Amino acid sequence: MPETRMEIERKFLIDRPDPAWLAAWPGSREAEIVQTYLTARPGEEVRVRHWSENGRSLYYHTTKRSVSAVSREEIERIVTPEEYEAFLSQADPAKVPLHKKRWLLPYRGQLLEIDLYPFWQDQAILEIELDAEDTPIDLPPQIKVRKEVTDDESYKNAALADRRYPHD
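Residues numbered from 1 in each chain as written. Predicted model: local features only at pLDDT ≥ 70, side-chain atom pairs only at ≥ 80, totals over all residues. Heavy atoms only, no water.

**Student:** Can you explain the overall build of the protein chain? Please cite residues and give values.
**Tutor:** Across its full length, the protein chain carries 3 helices and 9 strands. Counting helices and strands in the order they occur from the N terminus, the protein chain gives β-α-β-β-β-β-α-β-β-β-β-α. Relative to the 2.2 N^0.38 estimate, which gives 15 Å for 168 residues, the radius of gyration of the protein chain is 16 Å and therefore close to what a compact globule would have. Projected onto the principal axes, the alpha-carbon positions of the protein chain cover approximately 45 × 35 × 35 Å. By the burial criterion, 45% of the 168 residues in the protein chain qualify as buried. Intrachain contacts of the protein chain at a sequence separation of at least 6 include 62% that bridge at least 24 residues. Summing over all exposed atoms, the protein chain offers an accessible surface of approximately 9000 Å²; the carbon and sulfur share of this is 51%. A distance of 2 Å separates the average location of the 24 positive side-chain charges in the protein chain from that of its 32 negative side-chain charges. (Helix = DSSP H or I, 4+ residues; strand = E, 2+ residues; numbered from the N terminus. Rg over C-alpha atoms; globule rule 2.2 N^0.38 Å. Buried < 20%, exposed > 50% of the residue type's maximum accessible area, 1.4 Å probe, protein only. Contact = heavy atoms within 4.5 Å. Areas by Shrake-Rupley, 256 points an atom, 1.4 Å probe, with all protein chains shown as cover. Lys, Arg positive; Asp, Glu negative; His and termini not counted. Charge placed at Lys NZ, Arg CZ, Asp CG, Glu CD.)

Here you go:
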């Protein structure tokens, strides 16, 4: 059954952390993600995701619609590997599958998600899901924020998957 929820998220461009530092963080988890964007109606973002963690794979189908610069309605469901493969035939030809390594770090009651992309050697994206748009954010001092990119379309995953983006 699909789960519909409001996703309230802020994003930051950060200096790329050392993976050894991320792995040593208490309670950290690492996942490999492949995200494929599907053709969608205007105003919608539709994707399938293969999430691999500790040798286990999960597959998701997600539809997102913007509500504000920080909030989006998200409808997500787990799909079977066969459904995932079938959805791949609907891939948006203007986009490439986006590969990333995601680190999940618990910090002072928050869950920090740090995405490392193979085409960036010196920067990464940090995302934080919030309970409300005005929830204060607390980041570890070891994380060096370059700038907030929450409302910068060019740092959204769908934009990073654009075929025109310089991928390695």
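**Student:** Account for the nonpolar core, with residues named and values stated.
**Tutor:** Ile14, Leu105, Leu112, Ile114 and Leu126 are the most contacted members of the largest nonpolar core, which totals 17 residues. Of all the secondary-structure elements, those providing two or more residues to this core are β1 (3–15), β6 (98–107), β7 (110–116) and β8 (123–129). For Leu126, the contacting residues outside a window of four places in its chain are Arg10, Lys11, Phe12, Ile14, Leu112, Glu113, Ile114, Leu139 and Ile143. Judged by nonpolar contacts, the second largest core, of 12 residues, contains Tyr37, Trp120, Tyr155 and Ala158. (Core = buried A, V, L, I, M, F, W, Y, C linked by side-chain atoms within 4.5 Å.)

**Student:** I'd like a rundown of the packing of aromatic side chains, residues and numbers included.
**Tutor:** Inspection of the entire model under this criterion finds 7 aromatic pairs. With a centroid separation of 5.6 Å and an interplanar angle of 75 degrees, the aromatic rings of Phe119 and Trp120 are classed as edge-to-face. Note on accessibility: Phe119 and Trp120 belong to one class, buried. In this structure an aromatic cluster arises from ring pairing among Tyr117, Phe119, Trp120 and Tyr155. (Phe/Tyr/Trp six-rings, centres within 6.5 Å; stacked < 30°, edge-to-face > 60°.)

**Student:** How would you explain the side chain of Glu44 if you had to name every residue and give the values?
**Tutor:** The residue Glu44 is located in strand β3 (residues 44–53) in this model. Side-chain polar atoms of Glu44 contact the side chain of Arg41, separated by 2.8 Å. A distance of 2.7 Å separates a polar atom in the side chain of Glu44 from a polar atom in the side chain of Arg65. Not counting residues up to four positions away in its chain, the partners in contact with Glu44 are Thr63, Lys64 and Arg65. (Polar contact = N/O pair within 3.5 Å; in protein donor to acceptor, adjacent residues only side chain to side chain.)

**Student:** I'd love a proper account of the pattern of salt bridges, names of residues and values included.
**Tutor:** On inspection of all chains with the given rule, the structure shows 18 salt bridges. In this structure, Lys101 engages Glu32 in a salt bridge whose closest nitrogen and oxygen atoms are separated by 3.3 Å. Of the two residues, Lys101 is situated in strand β6 and Glu32 in strand β2 (residues 29–38); the sequence distance between them amounts to 69 residues. Residues joined in a network through salt bridges with shared partners are Lys11, Lys100, Arg102, Glu113, Asp115 and Glu127. (Salt bridge = Lys/Arg side-chain N within 4 Å of Asp/Glu carboxyl O.)

**Student:** Tell me about the confidence of the model for the protein chain, and please be specific about residues and values.
**Tutor:** For the protein chain, the mean per-residue pLDDT works out to 92, and 96% of the residues sit at or above 70. The weakest mean pLDDT in the protein chain belongs to β1 at 87; the strongest belongs to helix α2 (residues 81–87) at 98. (pLDDT = per-residue confidence, 0-100.)

**Student:** Before we move on, could you go through the side chain of Glu74 and cite the residues and values that matter?
**Tutor:** Along the chain, Glu74 turns up in strand β5 (residues 71–79). One polar contact links Glu74 to Lys64, side chain to side chain, over a distance of 3.4 Å.

**Student:** With reference to specific residues and values, describe the environment of Val96.
**Tutor:** Residue placement: Val96 occurs in the loop between α2 and β6. Here the alpha-carbon distance between Val96 and Glu45, two residues 51 residues apart in the chain, equals 14 Å.

**Student:** Tell me about the environment of Thr62, and please be specific about residues and values.
**Tutor:** Looking at the element boundaries, Thr62 is found in strand β4 (residues 56–66). Overall, the relative accessible area of 1% leaves Thr62 in the buried class. With sequence-adjacent residues up to four places away left out, Thr62 is seen in contact with Glu45, Val46, Arg47, Glu74, Ile75 and Glu76.

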